[in-house]
Each structure stands twice: as C-alpha cells, then as structure tokens.
Amino acid sequence: MTPRRIAVVGASAAGLAAAEALRRFGWTGTLTLVGDEPHPPYDRPPLSKQLLQGAWQPDKLHLRAADQLDTLALDLRLGTRATGLDTATRTLTLDGGERLTCDGVIVATGVAARTLPDAAGLDGVLTLRTLEDALALKERLSGTDRRLVVVGNGVLGCEAAAVARELGHQVTLVGREALPMARTVGPQIGELLAAEHQEHGVRLRTAAVDGFEADGDGPARHVTAVRLADGTRLPADTVLVAVGSEPAVGWLRGDPALDTADGLRCDAYCAAAPGIYAAGDVARWQHPVHGRHLRVEHRMNATEQGMAAARNLLAELEETLPDDGDGALAPAAGRERRPFTPVPYFWSDQYGLKIQAYGVLNGADRSEATVLDPDARKAVALYGRDGQATGILAIGVPPRQVRGLRALIATPAPWEEAREGVRNALA
C-alpha cells in the first residue's frame, strides 16, 4: 500500500499555515513541506523594516520555534526546489530528481523579485525578497552617509527608503509613477506620502531607468550611478531594485491542466485542479464576493488562505480517498469545502505613519480621500469600481475606528452609502 502523502510546496507563511491546518483538521499521513531556501519558515514583512533597521536579529523572524515545528511531524525538505507537477497522477518532482506521489498538493511558492536587465553581475545592485537579500542590504547600509538609489516607488521601495533615511543615508526614490504608491493608493494619498518622504529628506524622481554605470572589470564591477531615461545621472553606492514581483509558477508550466497566467488560477475554493490547491501570493482565485479573480500579495491573506486551502483539500480527500483502513485522515465532524471570501488587509509603516487598508484597492476606477489632514498626518480614503466601494485606507486613525471602517467594505457597497458610513464612523 502506497503511504498517504500531502505535499505543501513553499515553506512560507502560507505554506506553514497550510501544514499546521492539515494536522489540526485531521491529516495523520505523511506531510511533506518543501522550501527552496535553507531556512525554516520566516516572516517577510520585517525584512524591509525591523531587520533592515537593526531592531531585530534574523532569528526573531522565525514563525515557529524548532520544537513547535517538531510537533507537526513534517517531512521537511529545506533547500529543495520543486521542478514539476503532474496533476493527473499528483506526482511532485524535486530538483534532485526524486518523485513524490501525493494524495494532495498545496502550492504556496509565493513570488520572486523582478530585476532590471542591466543589473545582472553588478556588485551593489540588490533586490529585497529573501533573508539573504535583506542581510546584504543591511550590510551595505551599515556605514555612514551612503548614497542609496531605490528604483521603484511602490510599498517595498517606500518602506526601504524610509528606513535608509532614518539610518542617516542619502536616499533617492525613483518611480515611473509621479507619486509614491500611487498605483495602489491613488493621487491624494500619494501626495501625502510624497510630502512625508520629502520632509524627511528623500529626493523623489519620476523617470524610467535607462541603465547603470559601474567601475572595475568582470565580476568586480561595482555600481557607481543610475542613468535615467531623461538623461539624469544619480550617483550611488548601492541600488535597491524594487520594481515588483512575479508569481513563482515557472515550475508548473509543464502541466497543460494548470493556468499559470499571473499566478496559479484557482476556483473559489482555492482549487487549481482535483487535489491541487494554492495559497498566498502565488494564488489567483475567484473571489465570490467581488466576482473576479484576485491575487493578493499581503501577509494576512497568506495565513488565511493557507488554512482555507488545507480545509478544502481535506474535505475533497474525505470524499475521494479509498477506504483502505490506513487512517491517514482522521474522522472529523463538519468537514466541508467552503469558498474563500476574505476581506483583504494590508499595512505599511513609513516613518511615523501607520498605513492600514481593507478590501480591494487595486483596479479601482475611483478613489477619494473623504478625510485628508496632511498637517495632522491623518487620512481616510475610499476606493471602488463600477459605482461600488470596494476598499478603504486609513492613516493616523485609532485602531478601534480602523476596525469599524472594515465593515463598510466587507462586501461592495454603493459609493455614496460608503461615504456616509465613513463620516458616521469618524464622527
């Protein structure tokens, strides 16, 4: 009899949440957790904040202590990369050639940082996705008065720029958008963030990057400047490329049953194929409330979706596993598949600003700051599409009131109704 096995690919926050939920919901068979990094699961948001600041050491990033991982009885494969998946047989192939036959697979491989074509092989040009990336950037910022150019003015670029400026370095933030984070937060909040960065001494530039200048030869070439498309030359000791990410789905493209355009496409239950589920940054699933496929790169979503994928996979297996008495799935009452319908949440810390948002901001065709007080560093903004409010963002608002605002967009609401709700909630 073949041993029963579920494999979780991605030793991430989503992958760990899935593994823990599988055990909690009754899986007693083999549970394989595959991670391409050599580290046990760790938290990524602090990489651009507490770790880069020096407030945390790497071991504080661990999501679970070693003894807590031991209680899961994992077949833990760290430093191992998945290279293929056959959905017809649910066979997972690893980079050493090993093939694992599985009853179910949860894909939680996250995303990989994008870079720029001319960056390859240049010392001093970095991305920020992994622990090694963060430690390399921290080392480069360990001196005094370094010149840092951050290419990309999205959330990650803004957070890193803020930390570097607080450490006393010269920082230039370059973006194609005229305002920081404007693609996500809209122009009014973008203007508030721009003013905050400029007040702290960050230089803002709107331009595309044309290339880099470097000195030295061969592998010893070190970046000395960033060239912009408008002809400007920005001297730099270090360059952080923060131009977004790509879902880590390349290893899945050999299976025609899977749709890997912008992540792994799933149904409302997080299922990509029979017995194949996805969670976290890599998953693009049908959100029943919003009526469209979403892919959410937020920390809270990773945990919630990992648990949902685990529950729904076990509910499916309860119906499909043969009754051969192996006991790999313990009996449990009320085990059933449920659509995954979260209210997405994200936060960002920049200087003294605590930015929090609920719902769906991306893809909005309308945004409006219903409260905007730059002097008090306070703002509340609504986001929506097709006449419905779908997201809300708050800066400088007490936590209790922020949680109250969540209810206004838990399901899309008529725009005027949501605007009135904001006024009442903040009255």
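Residues numbered from 1 in each chain as written. Predicted model: local features only at pLDDT ≥ 70, side-chain atom pairs only at ≥ 80, totals over all residues. Heavy atoms only, no water.

So, the nonpolar core
Quick note on the threshold: Among the buried residues, those of types Ala, Val, Leu, Ile, Met, Phe, Trp, Tyr and Cys that are joined through side-chain atoms within 4.5 Å form a nonpolar core. Exposure categories follow from relative accessible area, calculated using a 1.4 Å probe and restricted to protein chains: below 20% of the type maximum is buried, above 50% is exposed, and the middle band is partly exposed. It only takes one pair of heavy atoms within 4.5 Å for two residues to be counted as in contact.
Formed by 60 residues in total, the largest nonpolar core has its most connected members in L22, W27, L92 and I106. Every residue in contact with L22, bar those within four places of it in the chain, is listed here: I6, V8, W27, L31, I106, A310, L313 and L314. Core analysis: the second largest hydrophobic core is formed by 40 residues, A134, V202, A369 and Y383 among them.

Considerations on the pattern of salt bridges
Formally: One side-chain nitrogen of Lys or Arg within 4 Å of one carboxyl oxygen of Asp or Glu is enough to make a salt bridge. For the purposes of this entry, the term helix denotes a DSSP run of H or I that reaches at least four residues, the term strand denotes a run of E that reaches at least two, and both are numbered from the N terminus.
What the rule picks out here adds up to 30 salt bridges. In this structure, R90 engages E316 in a salt bridge whose closest nitrogen and oxygen atoms are separated by 3.7 Å. You can see R90 sitting in the loop between β4 (82-86) and β5 (91-94) and its partner E316 sitting in helix α7 (residues 299-320), a full 226 residues away along the chain. For the pair R90 and E316, a shared accessibility class is recorded, and that class is buried.

Here's the deal with the sheet that holds strand β6 (residues 99-101)
The condition that has to hold: In this scheme, strands are said to pair when DSSP sees at least two bridges between them. Every axis in this analysis is a line fitted to C-alpha atoms, fitted for helices over the stretch in contact. Angles between the N-to-C directions lie between 0 and 180 degrees.
Across the sheet, three strands lie side by side as β4-β5-β6; this open sheet has antiparallel pairing. Across the chains shown, the open sheet's two edge strands, defined by having one partner strand only, are β4 and β6. Between one strand and the next, the sheet's axes are offset by a mean angle of 20 degrees, whatever the strand orientation.

Quick notes on the domain arrangement of the chain
Filter applied, for reference: These domain boundaries are the output of an automatic or database domain assignment. Throughout, buried area stands for the accessible area (probe radius 1.4 Å) lost by two parts on being put together, summed over both. Two N or O atoms form a polar contact when they lie within 3.5 Å of each other; inside protein one atom must be a possible hydrogen donor and the other a possible acceptor, and for residues adjacent in sequence the pair counts only when both atoms belong to side chains. Ten residue types, Ala, Val, Leu, Ile, Met, Phe, Trp, Tyr, Cys and Pro, are classed as nonpolar, four, Asp, Glu, Lys and Arg, as charged, and the remainder, Gly among them, as polar.
Taken domain by domain, the chain comprises domain 1 (5-112 + 246-320), domain 2 (115-243) and domain 3 (352-426). Using only C-alpha atoms to locate each centre, domain 1 and domain 2 end up separated by 31 Å. On the domain 2 side, the residues contacting the 19 residues of domain 1 number 16 residues. Taken over both partners, the interface formed by domain 1 and domain 2 buries close to 1400 Å², and the fraction arising from carbon and sulfur atoms is 62%. Run the count over domain 1 and domain 2 and you get two salt bridges. Between D281 and R129 there is a salt bridge whose closest N-O contact spans 3.8 Å. Our count for the contact surface shared by domain 1 and domain 2 stands at six residue pairs in polar contact (both at pLDDT 80 or more). Among the elements that make up the side of domain 1 that touches domain 2, the one with the highest residue count is helix α2 (residues 50-53) (three residues). A breakdown of the residues in the side of domain 1 that touches domain 2 according to their chemical character gives nine nonpolar, six polar and four charged.

Considerations on unusual backbone geometry
In most cases, non-glycine residues show a negative phi, while peptide bonds are predominantly trans. Of note, the phi angle at R90 is positive, near 55 degrees, even though the residue is not glycine. Residue classification places R90 among the buried positions, given a relative accessible area of 18%. Residues other than glycine seldom take positive phi values, yet R377 does so here, at roughly 55 degrees. Counting through the fold element by element, R377 comes out in the loop between β25 (366-373) and β26 (378-385).

Considering the packing of aromatic side chains
Filter applied, for reference: Stacked, edge-to-face and tilted labels apply to pairs of Phe, Tyr and Trp rings (six-membered ring for Trp) whose centres lie within 6.5 Å, assigned for plane angles under 30 degrees, over 60, and everything in between, in that order.
Taken as a whole and assessed by the stated rule, the structure comprises three aromatic pairs. Here W285 and F340 contribute two aromatic rings whose centre-to-centre distance is 5.2 Å and whose plane-to-plane angle is 45 degrees, an arrangement assigned as tilted. Residue W285 is found in strand β21 (residues 283-287), and its partner F340 is found in the loop between α7 and β23 (345-350); the two are separated by 55 residues along the sequence. The same class applies to W285 and to F340, which are both buried. On the basis of an interplanar angle of 40 degrees and a centroid distance of 4.8 Å, the ring pair of Y345 and Y358 is categorised as tilted. Of this pair, Y345 sits in strand β23 while Y358 sits in strand β24 (residues 353-359), and the two are 13 residues apart along the sequence. Of the two residues, Y345 and Y358, both sit in the buried class.

Notes on the state of the cysteines
As a reminder of what qualifies: In this description, a disulfide is simply a cysteine sulfur pair whose atoms lie within 2.5 Å.
By the definition in use, this model includes zero disulfides. For the unlinked cysteine C270, the closest cysteine sulfur is that of C266, found at 6.2 Å.

Examining the side chain of D133
Filter applied, for reference: Charge assignment in this entry is limited to Lys and Arg as positive and Asp and Glu as negative, and neither His nor the chain termini are counted.
Topologically, D133 is positioned in helix α4 (residues 131-140). Despite its burial, D133 pairs with no opposite charge, the nearest such side chain being R44 at 7.0 Å. Excluding residues within four positions of it along the chain, D133 makes contact with T127 and L128.

Points about helix α5 (residues 155-166)
The cut-off we apply is this: To estimate the expected span of a helix, count its residues, drop one, and scale the result by 1.5 Å.
Over its 12 residues, α5 extends 17 Å from the first C-alpha to the last, a length consistent with the 16 Å expected when each residue adds 1.5 Å. Structurally, α5 contributes buried residues whose contacts are with α2, β10 (147-151), β11 (170-175), α6 (182-199), β16 (238-241) and β23. Of the residues flanking the end of α5, it is G168, one or two places downstream, whose phi is positive at about 95 degrees.

Here's the deal with the sheet that holds strand β7 (residues 104-107)
Strand order in the open sheet formed by six strands is β3-β2-β1-β7-β20-β19, with mixed pairing between adjacent strands. This sheet does not close on itself; its edge strands, each paired only once, are β3 (75-78) and β19 (271-273). Along the sheet, successive strands turn relative to each other by an average axial angle of 20 degrees, direction set aside. In the sheet, strand β2 (residues 30-35) pairs with β3 via four bridges, with the strands oriented parallel. By the bridge assignment, L33 is partnered in β3 with L76. Lying on the sheet, helix α1 (residues 13-24) is in contact with β1 (5-9), β2 and β7; it crosses β1 at an angle near 160 degrees. The strands touched by α7 are β1, β7 and β20 (276-278); relative to β20, the strand with the most contacts, the crossing angle is about 165 degrees.

Regarding the environment of S48
Topologically, S48 is positioned in the loop between β2 and α2. Spatially, the C-alpha atom of S48 lies 8.9 Å from that of R129, the residues being 81 residues apart in sequence. Once residues lying within four places of it in the same chain are set aside, the contact partners of S48 are L128, L156, E159, A160 and V163. There is a polar contact of 2.8 Å between the side chain of S48 and the side chain of E159.

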